[in-house]
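Residue-level structural notes
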Amino acid sequence: MNYKVIAKNNIRNGFGLYQNYFISLSLILGLFNTLQIFAKDHVIADSLSSSAKVEFMSYATSILFTLFTIFFIIYFNHFFLKQRAEELGIYSMLGMSKKNITSILMIENTIIIGMACFAGIFLSILFYSLIKILLIAVLKLDIPYLTQFTFLPFLITIALSIFMLLVIFFDNHHLIKRLSIINISNLNQVGEKTLKTKSGTAYLGIISLLIGYALVLDLVKQEQSLWVKIGFVPMALITLVLVIIGTFLIIKSTLAYLINRKINNHRQLYRPTNNIFLPESLFKLKTKSNLLVVLSLVISAVIALTATCFLLINYQKASLIKTVPSAIEIDQKLKPDQVTKVKQITKNYGGDFKTVKVINATAKRPIVLSEKMATKKCRIINLSTFKGLLKQQYNKPQHNSKFSKKLAYLFTPYTIKNSRGTVNINKQKVSLKETNIWPIFAKGNFAYIAVNDQQFKKISQHANSKTIYAINGANLRDNEELYNKIKELKIKFLSAYKTNKDALSYNSAAFLMATFISVLFFVFIGCILYFTILMDTLGVTDEFKFLGDIGYNKKQLRKAATANNLLIFLPPIIMGGLNGLMAFIGFRFNFLANDVIKFLGAFQMVGEPIIITCLLLLIAYSIIYFFSYHKTKALLGI
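As a starting point, this report considers the structure included with it. (Residues numbered from 1 in each chain as written. Predicted model: local features only at pLDDT ≥ 70, side-chain atom pairs only at ≥ 80, totals over all residues. Heavy atoms only, no water.)

1. Here's the deal with the nonpolar core
As a reminder of what qualifies: Residues enter a nonpolar core if they are buried and are Ala, Val, Leu, Ile, Met, Phe, Trp, Tyr or Cys, with the set joined through side-chain atoms within 4.5 Å. Per-residue accessibility, obtained with a 1.4 Å probe over protein chains only, is compared with the maximum for each type, and a residue is labelled buried under 20%, exposed over 50%, and partly exposed between these values. Under the scheme used here, helices are H or I runs from DSSP no shorter than 4 residues and strands are E runs no shorter than 2 residues, and both carry numbers assigned from the N terminus. Throughout, a contact is declared for two residues whenever any of their heavy atoms are within 4.5 Å.
Counting residues in each nonpolar core, the largest one holds 95 residues, and the members touching the most others are Y21, L25, F72, I73, I525 and Y621. Per-element accounting of this core gives the leading share, 15 residues, to helix 13 (residues 274-323). The contacts of F72, once residues within four sequence positions are left out, are Y21, S24, L25, I28, F524, C527 and I528. A363, V430, F456 and I459 belong to the second-largest nonpolar core, a separate cluster that totals 18 residues.

Now the structure itself:
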């Protein structure tokens with residue numbers, strides 16, 4: 001008997017069943033190979049950061065993704081076996097040995113995975129080219145669009161495909177070897193047991209999760225936090241275990257307990273949709289709970305990673321605007337001819353040129369800058385210069401900065417409780433008030449103060465001064481040509497463009513890898529959700545046809561199908577969303593102090609990443625749900 005012909009005919013005849021599996025595998029392998037190509041492209045790796053850094057992150061991501069890929073193929077291999085249980089039973093009854101059946105399955109998987117591997121390699125070249133063009137355009141990298149490929153990334157992807165085949169072979173061999181002929185025919189009924197629900201474990205899951213969340217929020221206390229008293233590592237492990245246990249028990253027991261209560265409530269049970277959905281949902285939770293837990297944890301990681309990436313991007317952008325406020329700042333005394341050249345360059349680019357006089361003075365008492373820093377050394381500018389620079393930089397003072405002749409404004413990124421009081425600087429009493437924005441580059445252990453023009457004139461009579469030149473204007477912060485023109489003068493200056501480019505170059509590898517991880521696992525989650533719903537739908541087509549025959553209309557059947565789909569979709573998205581956002585909040589409290597958040601803007605640092613991440617999640621999974629629901633209606637004919 002020619003098993004190759006049987007395998008090919010099975011694929012040809014069951015193409016509708018296999019096509020989505022093939023497309024998903026092609027996408028997964030394509031993205032995986034794209035990651036490998038980037039790791040081995042030293043031209044772009046050197047432009048982003050260090051090659052070693054990119055390669056290390058790529059290997060770490062590849063190992064993690066390989067584990068989830070193996071989970072993916074084992075999970076759906078079991079699905080296919082159950083879906084084809086009757087067919088395999090017929091093979092067995094016709095005299096085929098278990099070895100023969102395993103051979104047919106192996107040939108089928110070899111054909112599908114082999115084709116998916118080559119399709120994935122082709123897609124990876126397309127993905128890589130598009131991403132590289134985007135990176136060159138956005139980051140303005142000075143590298144060629146076309147570079148020579150190495151064969152190693154493709155060999156790694158082929159090796160992963162072969163490893164997948166071996167995993168499927170041993171999984172099929174193990175599963176079929178221990179079954180009798182009758183059990184092979186009834187493979188789709190193996191594991192069907194009544195799900196027992198206990199109120200104790202149901203409530204324990206909620207309590208465990210709430211305690212985990214409470215420990216995360218305990219980070220708000222900072223110095224009085226348990227994380228400081230006990231230690232970060234043990235507290236992180238305790239919190240992680242509590243959240244995982246809580247997630248597992250809520251999906252495994254709490255959901256089943258709530259559904260069981262509805263079943264016992266006859267008013268709820270005996271409704272056209274509920275008497276179909278509720279009994280079936282208990283069996284689904286029994287067979288899908290482990291999958292839903294894994295999906296919840298993966299979604300948690302993706303959301304936490306995505307929100308954290310947006311926070312770090314905003315942090316980099318906001319901190320550079322705060323710390324390097326001018327497009328160009330020249331920190332040295334220029335000769336008259338140099339001043340003329342700088343003014344002409346500024347005029348050519350439509351910018352504003354301003355000369356800033358800075359006084360170096362000493363206060364009689366230390367001025368507190370933060371809880372751990374105080375200094376007598378001061379750098380002072382006058383109030384008119386302060387306001388003029390802010391206007392040129394398109395910045396505004398904080399809302400409580402009411403300018404008056406009696407007040408001076410002290411730049412403090414870290415808020416200190418109580419009044420700053422009055423300080424004596426060169427026989428001038430200066431009443432200090434905090435401001436969180438400063439128009440020149442603040443460096444060193446100095447108190448930066450803006451005083452009114454009259455006090456500035458008196459203080460400057462007994463103090464040394466220095467001159468700083470600032471260039472500002474619309475769209476000049478990212479102007480490379482302006483930077484190069486000033487650079488040609490061979491003077492000492494600070495550039496917002498250069499600072500931003502250096503920071504972006506240093507962190508771009510991490511951001512790129514984080515984006516890859518998010519996209520890879522999004523595809524992984526999307527494929528699993530789509531296939532789970534597809535296989536569940538194929539398993540109930542006869543039941544829905546029977547329900548239509550006994551009087552259920554299409555509207556009632558659509559409601560039942562929607563309820564079945566939402567049971568798969570909602571638990572991991574809700575649990576993953578909550579866990580991911582709590583992990584993000586924990587990262588924010590642990591790595592960014594409240595004063596830093598306040599200094600850079602609470603909404604920009606916390607609110608905006610959460611909103612963007614939630615919107616992306618909503619859009620992405622709405623698309624997956626739309627395709628799943630459309631496929632469900634097509635398969636059920638409703």
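Having seen it, we continue.
2. Here's the deal with the side chain of T239
Note on placement: T239 falls in helix 11 (residues 232-264). On the accessibility criterion, T239 (6% relative accessible area) is buried. Leave out the neighbours within four places in its chain, and T239 touches G212, L215, V216 and W227.

3. A closer look at the environment of A374
Looking at the secondary structure, you find A374 in strand 3 (residues 373-382). Judged by relative accessible area, which is 41%, A374 ranks as partly exposed. Between the C-alpha atoms of A374 and N445, which are 71 residues apart in sequence, the distance is 8.2 Å. If we skip the residues at most four places from it in the chain, A374 touches P366, I367, V368, L369 and N445.

4. As for the environment of A583
Structurally, A583 can be placed in helix 20 (residues 554-591). Put simply, A583 and A301 are 282 residues apart on the chain and 8.3 Å apart in space, counted from C-alpha to C-alpha.

5. Overview of the pattern of salt bridges
Oppositely charged side chains can form a pair if their charged atoms are brought close together. Our working rule: Between Lys or Arg on one side and Asp or Glu on the other, a salt bridge is scored when a side-chain nitrogen of the former is within 4 Å of a carboxyl oxygen of the latter.
Summed over the entire model, instances satisfying the criterion amount to two salt bridges. D331 serves as the salt-bridge partner of K466, at 2.7 Å between the closest nitrogen and oxygen. Of this pair, K466 sits in strand 8 (residues 464-472) while D331 sits in the loop between strand 1 (328-330) and helix 14 (336-348); the two residues are 135 residues apart in sequence, bridging distant segments of the chain. Where salt bridges share partners, they join D331, K443 and K466 into one cluster.

These results come straight from atomic positions and should not be treated as a statement about function.
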